[in-house]
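One-letter residues, chain by chain:
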Amino acid sequence: SSGINAEYGGDAGVTKSIVVEGSGFANPRDGATVTVSWVMHHMDRELEKRTVEFTLGDGSAHGIVQGVEIALLKMNKGETAKVTVKAKYAYGNVGNADLAVPGMADLTYTLTLEKMEQPKYKYEMDGPEKIKFAEQVKEMPLCFTLITCKPDLTNQNKIAK
């Protein structure tokens, strides 16, 4: 495994080392629709195996910790990485009783970016897409950053029953 180390915030709260190289050079950007699978460990205990599709930036609505989203922004399609997420970027002081994660637990993920579809930039949209985008922006509260306010052009946020 290569020693590539992605750190967030300078505090080594999220570190990543590549296990299997991905293809291409593009990393998913905020708003990308991604399909990821992972095995999560706390110490030597496997706590969760999961595959999920979601929109980057909207992970918390799907029970995905901030540290996983941070790591995904630095991954290529098909890449598998060992990601260590400090408690601050995972479940914090509280933990997660459903997954048997204690409070202040640092977690290790074997994370694979299976698929990704980048969001379109405005200049790439056709007429109907621009209209839909404008309508969604109009319904949003005043936005100061792209990261905290972005329309969902994929309707992935709707829970399918």
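Residues numbered from 1 in each chain as written. Predicted model: local features only at pLDDT ≥ 70, side-chain atom pairs only at ≥ 80, totals over all residues. Heavy atoms only, no water.

Novice: I'd like a description of the packing of aromatic side chains, backed by residues and values.
Specialist: Summed over the entire model, instances satisfying the criterion amount to 1 aromatic pair. Both rings, one in W38 and one in Y109, keep their centres 5.8 Å apart while their planes meet at 85°; by these two values the pair is edge-to-face. One end of the pair, W38, is in strand 2 (residues 33–42); the other, Y109, is in strand 5 (residues 107–117), with 71 residues separating them in the sequence. Both residues of the pair, W38 and Y109, count as buried. (Phe/Tyr/Trp six-rings, centres within 6.5 Å; stacked < 30°, edge-to-face > 60°. Helix = DSSP H or I, 4+ residues; strand = E, 2+ residues; numbered from the N terminus. Buried < 20%, exposed > 50% of the residue type's maximum accessible area, 1.4 Å probe, protein only.)

Novice: An account of the nonpolar core is needed here, citing residue identities and associated values.
Specialist: A general feature of soluble globular proteins is that nonpolar side chains tend to end up buried together. With 30 residues, the main nonpolar core has V36, W38, M40, L72, Y91, Y109 and L111 as its most contacted residues. Each residue touching M40, except ones within four places of it in the same chain, is listed here: R45, E46, L47, E48, Y91, L99, V101, L107, T108 and Y109. (Core = buried A, V, L, I, M, F, W, Y, C linked by side-chain atoms within 4.5 Å. Contact = heavy atoms within 4.5 Å.)

Novice: Provide a residue-level description of the pairing of strand 5, including the pertinent values.
Specialist: Here strand 2 runs beside strand 5; their pairing, made up of 9 bridges, is antiparallel. Bridge pairing in strand 5 links T33 to E117. Of the strand pairs in this sheet, strand 4 (residues 80–85) and strand 5 are connected by 6 bridges, and their pairing is antiparallel. By the bridge assignment for strand 5, A81 is matched with L111. (Pairing = 2+ DSSP bridges.)

Novice: Lay out the pattern of salt bridges with the relevant residues and their values.
Specialist: Opposite charge on two side chains allows them to pair when their charged atoms are near. Enumeration according to the criterion identifies 1 salt bridge in this entry. Ionic pairing is found between E79 and K16, a salt bridge with its closest N-O pair at 2.7 Å. Of this pair, E79 sits in the loop between helix 1 (66–72) and strand 4 while K16 is found in strand 1 (residues 14–20), placing the two residues 63 residues apart along the sequence. One exposure class covers both E79 and K16, and it is buried. (Salt bridge = Lys/Arg side-chain N within 4 Å of Asp/Glu carboxyl O.)

Novice: Can you tell me about the pairing of strand 2, naming the residues and giving the values?
Specialist: Judged by how many residues are buried, strand 2 sits mostly within the fold: 8 of 10 residues are covered. Here 10 bridges tie strand 2 to strand 3 (residues 45–55), and the two strands are oriented antiparallel to one another. Bridge assignment links H42 to a residue of strand 3, and that residue is R45.

Novice: So what's going on with unusual backbone geometry? Residues and values would help.
Specialist: Glycine aside, residues mostly have negative phi, and peptide bonds are mostly found in the trans state. For A100, which is not a glycine, the phi torsion comes out positive at approximately 60°. The exposure class assigned to A100 is partly exposed, which follows from its relative accessible area of 40%. The phi angle at M104 is positive, at roughly 60°, despite the residue not being glycine. On the secondary structure map, M104 appears in the loop between strand 4 and strand 5.

Novice: Just give me the short version of the confidence of the model for the chain, but keep the residues and values in it.
Specialist: When pLDDT is averaged along the chain, the result is 82, and 77% of the positions lie at 70 or above. Low pLDDT, under 50, characterises residues 141–161; the stretch is placed with 32 contacts to residues that sit more than four places away or in other chains. (pLDDT = per-residue confidence, 0-100.)

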